[in-house]
Amino acid sequence: MADVSHRSGDIAAHPDVSEMRDRYARVLGGRGIVGVDGLLLLAGLYAAISPWTVHFAPTSPQLAQNNLIMGIAVAVLALCLTMAPDRMQGMSMACAAIGVWLIVSPWVVTRHPDTGAMWNNIITGAVICLLGLAAAGMMMRNKRES
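Predicted model only: the values in this text are computed from it and were never measured.

1. Details of the overall build of the chain
Counting secondary structure elements, the chain contains 5 helices and 0 strands. Start at the N end of the chain and walk to the C end: the helices and strands fall as α-α-α-α-α. The buried share of the chain, reckoned over its 146 residues, is 35%. Taking contacts inside the chain between residues at least 6 apart in sequence as the whole, the part at least 24 apart equals 67%. About 9,300 Å² of surface is accessible on the chain, with carbon and sulfur atoms providing 66% of the total.

2. Some words on helix α3 (residues 61-83)
Counted at 1.5 Å a residue, the expected span for α3 with its 23 residues is 33 Å, and the 33 Å between its end C-alpha atoms agrees. Turning to α3, its buried residues are L63, A64, N66, N67, G71, V74, A75, L77, A78 and L81.

3. With respect to helix α4 (residues 92-109)
Over its 18 residues, α4 extends 24 Å from the first C-alpha to the last, a length consistent with the 26 Å expected when each residue adds 1.5 Å. Largest kink in α4: about 45°, centred on I103, with the proline P106 one to four residues after it.

4. Digging into the packing of α3 against α4
As a packed pair, α3 and α4 sit with axes 10 Å apart at the nearest point and diverge in direction by 170°. Relative to α4, α3 is oriented roughly antiparallel. Side by side, α3 and α4 meet where Q62, L63, N66, N67, M70, A73, V74, L77 and L81 of the first sit next to S92, A94, C95, I98, W101, L102, S105, P106 and V109 of the second.

5. Topic: the side chain of N120
Turning to its location among the elements, N120 is positioned in helix α5 (residues 115-145). The class for N120 is buried, based on a relative accessible area of 7%. Those residues within four positions of N120 in sequence are excluded, and the remaining contacts are Y46, S50, V54, F56 and N67.

6. Things to note about the environment of I11
Counting through the fold element by element, I11 comes out in the segment before α1 (17-29). According to the relative accessible area criterion, I11 is partly exposed, its value standing at 47%. Contact partners of I11, with chain neighbours within four places excluded, come to V17 and M20.

7. Observations regarding the confidence of the model for the chain
Here the chain averages 86 in pLDDT, while 84% of its residues score no lower than 70. Here α1 is the element of the chain with the lowest mean pLDDT, 68, and α4 is the one with the highest, 96.

8. Some words on the nonpolar core
Proteins that are soluble and globular tend to have nonpolar side chains buried together. Residues L40 and I128 are the most contacted members of the largest nonpolar core, which totals 17 residues. Contributing elements (two or more residues each) for this core: α2 (31-53), α3, α4 and α5. The element contributing the most residues to this core is α5, with 5 residues. Leave out the neighbours within four places in its chain, and I128 touches L40, A43, G44, A47, V74, C95, A96, G99 and L102.

Parameters at a glance
- Residues numbered from 1 in each chain as written.
- Predicted model: local features only at pLDDT ≥ 70, side-chain atom pairs only at ≥ 80, totals over all residues.
- Heavy atoms only, no water.
- Helix = DSSP H or I, 4+ residues; strand = E, 2+ residues; numbered from the N terminus.
- Buried < 20%, exposed > 50% of the residue type's maximum accessible area, 1.4 Å probe, protein only.
- Contact = heavy atoms within 4.5 Å.
- Areas by Shrake-Rupley, 256 points an atom, 1.4 Å probe, with all protein chains shown as cover.
- Expected span 1.5 Å × (residues − 1).
- Bend = angle between axes of the 7 residues up to and from the residue.
- Axes fitted to C-alpha atoms, helices over the stretch in contact; angles between N-to-C directions.
- Parallel < 35°, antiparallel > 145°, perpendicular 65-115°, else oblique.
- pLDDT = per-residue confidence, 0-100.
- Core = buried A, V, L, I, M, F, W, Y, C linked by side-chain atoms within 4.5 Å.

As structure tokens, then:
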């Protein structure tokens with residue numbers, strides 16, 4: 001077995017030290033984006049299950065289907081934004097558009113939504129829209145800095 005007790009903790013002489021520092025700085029710079037994407041994932045999952053938690057699925061089945069599909073779409077987009085942020089950076093604006101759709105969908109999908117469904121979609125859509133805009137802004141800022 002090799003004796004490694006003589007090694008010091010200093011890696012300044014390592015040939016790839018500058019590349020490792022750059023990569024470490026990129027990872028630390030992108031931590032906020034991952035946090036926003038995680039919140040976006042949770043908001044999408046809530047939008048998907050909200051018809052059953054707020055109990056408007058039996059009275060508005062079309063709105064329940066709409067929320068399920070849009071919530072799953074937001075959750076999948078957020079997961080993709082977290083896993084491949086360089087390739088998916090333009091899709092955060094799609095999350096903002098889905099948030100706007102969730103806000104107006106109670107009146108488009110059903111003519112007379114009940115109060116619980118209406119406020120649920122307004123709040124959930126606003127949160128998703130704001131998180132999508134925040135993710136897009138952070139990605140643009142990070143892209144401009146690098």
